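Understanding the architecture of this molecule
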Amino acid sequence: MSGPPEFWTVADTAQRIASGEITAGRLVDTMLSRIANVDRELGAYLATDGDGARRDATEIDRRRKDNVALGPLAGVPIVLKDNLVTKGLATTAGSKILQGWIPPYDATVVEKLRAAGALILGKANLDEFGMGSSTERSAYKKTRNPWDTSRVPGGSSGGSAAAVAAGLAAASLGTDTGGSIRQPAAFCGVVGLKPTYGRVSRWGVIAFASSLDQVGPLTRTVKDAALVLQVIAGHDPRDSTSLDAPVPSFAAAATGDVKGMKIGLPKEYFEGSIDADVRAALDRTIKALQDKGATTVEVSLPHTKLALPAYYVVAPAEASSNLARYDGIRFGKRADATDLIDVYRKSRGAGFGPEVKRRIMLGTHALRSGYYDAYYKKAQQIRALIKRDFDEAFTKVDVMLTPTTPTAAFRFNAKATPYDMYLGDIFTLACNLAGLPGMSVPCGLTADGLPIGAQLLGRPLDEVSLIRAGSAIEAAVGLGDRRPAGIGGI
Amino acid sequence: MTELAQLLDDWEPVIGLEIHVQLATATKIFSASATTFGAPPNSLTDPLVMGMPGTLPVFNRAVLELALRLGVATGSQIRAKSRFARKHYFYPDLPKGYQISQFDEPLCENGHLDLILGGTVKRVKLQRIHLEEDAGKNTHVGAVSHVDLNRAGVPLVEVVTAPELTSSEEAAEFMRSLHRLVRWIDVSEADMEKGQLRCDANVSVRLRGEDRLGTRTELKNINSFKFVQNAIDHEIARQLLLIDGGGRVERETRLWDATLGSSAPMRSKEEINDYRYFPDPDLPPLVVDGPTMANVLRSLPELPAARFERYQRLQKLTADDARTMVGDRALADYFDAASKAHPGESGRTIANWILTELLGALNAEGKHISQSTMPPQRLAALVVLVESGVISGKIGKEVFEESYRSGEEPISIVERRGVQQISDETLLTAIVEGVVSRNAKQAAEYQSGKDGLFGFFVGQVMKETQGRANPVMATEILKKRLGR
């Protein structure tokens, strides 16, 4: 792939840096200047780290000159969702309550990216603590969809998706608790991969819901997602939920070869109200996969409709617990107060936004003594049923294909109630509840020119099949060279 | 007090204890920070201990082994798969806003601890022993509060008894027994001044014969054997006098003030937290595997209560001596080693030598039994010399003193000093003969009824032999010769 450096793929960039076609220093300057030009309007970045990126670029250029081996992502410009902890670089999780906190350590994924030579350009906007589907819940700024700036980029990894779509980074890391990588990827026309729960370390990931959170890449191609996943995947002794499983070669799976692959079409995901353009794009995707030699089979996941209620018990319950540490005592903002209770009340009252407070209250209620069995425990039982649905379906098929979202990107303030917003996530939640890998791949545009995402769901630890099927979709019905014209077009 | 004593005729106190014991690991339960006591404030911290965003707990397996030792030593049922749960409350010394503890799936349940009360053993049921992390410490200086997180994340077990202790004495004895046990099995140093063993007590009273428990109060901060006893006595009296005066005991938490010798309410029932327990999603179930369990079983020493019985039954120690001996593992081990080195079955004699001579000498120097320079084998050899009549008991004490001081073997001292006891009948008869004939006047007086003179003759024989005459034989021969 050619085109301007801002839109080079991860694979391409690493190769060009290694060959000396461009220096890391020049690439960083190019990227920073595009961010300076474009991001004022786009709002994808919460902060850039020009000094850090230039310093790392200089180091890469020095290593190349000295013939020292370069890492697999050497010189690749990356932006991190701002709930990933970065040493010495402010990390806010999109919340006022963490304003001013400079972490003393790096998340494992950040360490791994740095070790691979990635250039970290800055931190991307998000819904506060990952709670939202439009990035409108960021306490700091609005992020626009580069395909149509009157629309949201999705969320909660909206800044990450918008930055990658608009050529403000070659790749990004997001986090996905109920669709927060896949949904913004679908809205912004990029690839978003949520790995199997436990595939990627959560050390240094600011927790939203611990049993659901997972870090993954947002990139412009399926192969790029595979390359980034390769670097960040693997067992981490610092995360007790991290899986000690071998990491296969992901990029090698991006062949587009789906001959003989069995692809399940869960009927519950095609029954509800789905936008006609989305449905049509999915039909084209199914046809394309069949043309490439895959067989498609209708399967059933009968407990699908319970995913939303179960999710909105488990996720807020865990969130209410995980967010208890933000008390204004050790880090972040402490309100002026007269006594201890007042410190808590005012610091948390001023520091958390309304959606975060709503979920803390929901979760606190769900965990009340005497309600635990009715809520949290029941929700965990539903999780087991949802997982069993998938286990059973995966005895018949290799992957499943669904729409990522019922509609393409919506306009700002389009969702009248929180519940309306939650309903937009019905296709992505079950994947997290079951701990499965999932990926959103662009599969066309609506009549209005908005990207549409196809979601692939796989067996635990079988990201390889997602990458195989994803690369086939990308080749057949992907966006090709089409880029967002809405903003800073090149 | 009379009034109180009368009330106690009708009312029965019921006490349950919750005791926190710090496990003796080098590092914290979920992070690699050290657990050293007395370090500068907040020096034993890291991002996890500070509760920083993004940090995750990793269980320190050394904690499991120690907790299992206590579980096995108390005959508890060990859960093959237990769970950590989060217990939520807001306090500045609790960095995460929750404490990682265990709730409905604790590591140990239904154990017991045997108390030695007088010469008998009372078995107290333990409802559970669970793992948890300690909180930090708040100190208040005027209008300012300081938080020290050095203790945050230190591994603890919480031992919860059934409500079946019936007096403050029993409660204090329970605490002493647990204190001894955890030290005995190397689970904790249990230094109470360092907060390594801390006690809360639930106290209620009920009419004797009643099955149901009365309303209980929880007493916090009773961290010495004496405070436990005082605080519980005080609380029993408070409740009884309250009831007697027509009042009702309220469910509340009370804080014991040792200086004032009284307690004051800390939290009422309404203020008691809803801890919102749920399984910690950051930690997988805690699995006890076969090899870990085998290792615990293999390395656990014989326990104090078992030794207390053995010492009485097999070694024939008095209850008092047996209790003293099991008061300290090092002492009991010394006794066992000395007994083993002794060819016969002279437990009682060996115990006497240890408790009188050895501890006497050690105490004089302010030393603990573990610092003894006299090995148990050497003490046993000395006992053998005395028992077999090679030296007298009196000489034995001198030999002990010298051996304790110089480290020389008792037999070598005896030979060098030539202090072997004379037990040769012919020789002793000749010596007696000489003494009697040289003191014919006194012999006549004795024979005519002056009994007090017998001691004079014994003294003469001892003088003649420099104290080496076998006293029993000398007495017998003298009696025969003097004809009375």
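Residues numbered from 1 in each chain as written. Chains lettered and ligands numbered in written order. Predicted model: local features only at pLDDT ≥ 70, side-chain atom pairs only at ≥ 80, totals over all residues.

A look at the overall build of chain A
Tallying secondary structure elements over chain A gives 16 helices and 11 strands in all. In terms of C-alpha radius of gyration, chain A reaches 21 Å, essentially the compact-globule figure of 23 Å for 490 residues. Buried residues in chain A amount to 62% of all 490 residues. Look at the contacts in chain A between residues 6 or more apart in sequence, and 77% of them connect residues 24 or more apart. (Helix = DSSP H or I, 4+ residues; strand = E, 2+ residues; numbered from the N terminus. Rg over C-alpha atoms; globule rule 2.2 N^0.38 Å. Buried ≥ 20, exposed ≤ 12 C-beta atoms within 10 Å, placed from the backbone. Contact = placed C-beta atoms within 7 Å.)

With respect to the sheet that holds strand β5 (residues 191-194) of chain A
Residue and element names in this part refer to chain A. Taken together, the 11 strands give an open sheet; going across it, the order is β1-β3-β2-β4-β6-β5-β10-β11-β9-β7-β8, and neighbouring strands pair in mixed fashion. Whereas interior strands pair on both sides, the edge strands pair on one side only; in this sheet they are β1 (45-48) and β8 (295-299). Averaged over all neighbouring strand pairs, the angle between strand axes comes to 30 degrees, with direction disregarded. Strand direction decides the pairing type here: strand β4 (residues 171-176) and strand β6 (residues 214-219), joined by 6 bridges, are antiparallel. (Pairing = 2+ DSSP bridges. Axes fitted to C-alpha atoms, helices over the stretch in contact; angles between N-to-C directions.)

With respect to the nonpolar core
Core analysis: the biggest nonpolar cluster contains 256 residues, and A:Ile78, B:Ala67 and B:Ala201 have the highest contact counts within it. The element contributing the most residues to this core is helix α10 (residues 307-322) of chain A, with 9 residues. Summarising the domain contributions, this core has at least three residues from each of domain 1 (2-295) and domain 2 (302-417) of chain B. Leave out the neighbours within four places in its chain, and B:Ala201 touches B:Ile15, B:Leu17, B:Ala171, B:Leu219, B:Ile222, B:Val228, B:Ala231 and B:Ile232. Counting 11 residues, the second largest nonpolar core, distinct from the first, contains B:Ile431, B:Val435, B:Phe457 and B:Ala469. (Core = buried A, V, L, I, M, F, W, Y, C linked by C-beta atoms within 7 Å. Domains from an automatic or database assignment.)

Here we look at the packing of helix α8 (residues 329-341) of chain B against helix α10 (residues 376-387) of chain B
Residues and elements named next belong to chain B. Two elements in contact, α8 and α10, have axes separated by 8 Å at closest approach and are oriented at 50 degrees. As far as their axial angle goes, α10 and α8 are oblique. By crossing handedness, the relation of α8 to α10 is classed as right-handed. Facing Tyr334, Ala337, Ala338 and Ala341 of α8, the residues of α10 in contact are Pro376, Gln377, Leu379 and Ala380. (Parallel < 35°, antiparallel > 145°, perpendicular 65-115°, else oblique. Left-handed = near helix turned anticlockwise from the far one by under 90°.)

Section: unusual backbone geometry
Look at the link from A:Gly155 to A:Ser156: it is a cis peptide, with omega at 10 degrees. Mapped onto the elements, A:Ser156 comes out in the loop between β3 (119-124) and α5 (158-165). The phi torsion at A:Asn413 lies on the positive side, around 60 degrees, for a residue other than glycine. In this structure, A:Asn413 sits in the loop between β9 (399-403) and α14 (418-423). A tally of 9 C-beta atoms within 10 Å means that A:Asn413 is categorised as exposed. Positive phi values are uncommon outside glycine, yet B:Lys316 reaches one of about 60 degrees. Exposure remark for B:Lys316: the 15 C-beta atoms within 10 Å place this residue in the partly exposed category.

What to know about the interface of chain B and chain A
In many reports, interface size means the accessible area that the parts give up when they come together. Each side of the interface is counted separately: chain B has 25 residues, and chain A has 36 residues. By residue class, the composition of the side of chain B that touches chain A is 16 nonpolar, 4 polar and 5 charged. (Nonpolar A, V, L, I, M, F, W, Y, C, P; charged D, E, K, R; others polar.)

Observations concerning the environment of B:Val205
All names here are of chain B. Mapped onto the fold, valine 205 is located in strand β11 (residues 197-207). Its 27 C-beta neighbours within 10 Å are what place valine 205 among the buried residues. With 232 residues separating them along the chain, valine 205 and serine 437 place their C-alpha atoms 79 Å apart. Beyond its immediate stretch of four places on either side in the chain, valine 205 contacts Trp11, Glu12, Pro13, Val14, Gly214, Ile236, Gln239 and Leu240.

Some remarks on the sheet that holds strand β7 (residues 120-133) of chain B
Residue and element names in this part refer to chain B. Spatially, the 9 strands line up as an open sheet ordered β2-β6-β7-β10-β1-β11-β12-β13-β14, and their pairing is mixed. Edge positions in the sheet fall to β2 (77-78) and β14 (262-268), since each of these pairs with one other strand and no more. Across 2 bridges, β2 lies against strand β6 (residues 108-117) in antiparallel orientation. Each residue of the ladder has a partner; that of isoleucine 78, found in β6, is cysteine 108. In this fold helix α2 (residues 61-73) packs onto β2, β6, β7 and β10 (155-161), with an angle of close to 160 degrees to the strand it touches most, β7. Across the face of the sheet, helix α3 (residues 168-184) comes into contact with β1 (11-22), β6, β7, β10 and β11 while running at roughly 110 degrees to β6.

Notes on the pairing of β4(A)
Residues and elements named next belong to chain A. Taking burial as the measure, the 6 residues of β4 include 6 buried ones, the bulk of the element. Judged by which residues are buried, β4 turns out to be covered on both faces: Ala171, Leu173 and Thr175 on one side and Ser172, Gly174 and Asp176 on the other are all buried. Where strand β2 (residues 77-81) and β4 come together, 3 bridges link them in parallel fashion. Bridge assignment links leucine 80 to a residue of β4, and that residue is leucine 173.

Let's talk about the domain arrangement of chain B
Per the domain assignment, the segments making up chain B are domain 1 (2-295), domain 2 (302-417) and domain 3 (425-482). A separation of 68 Å is found between the C-alpha centroids of domain 1 of chain B and domain 3 of chain B.

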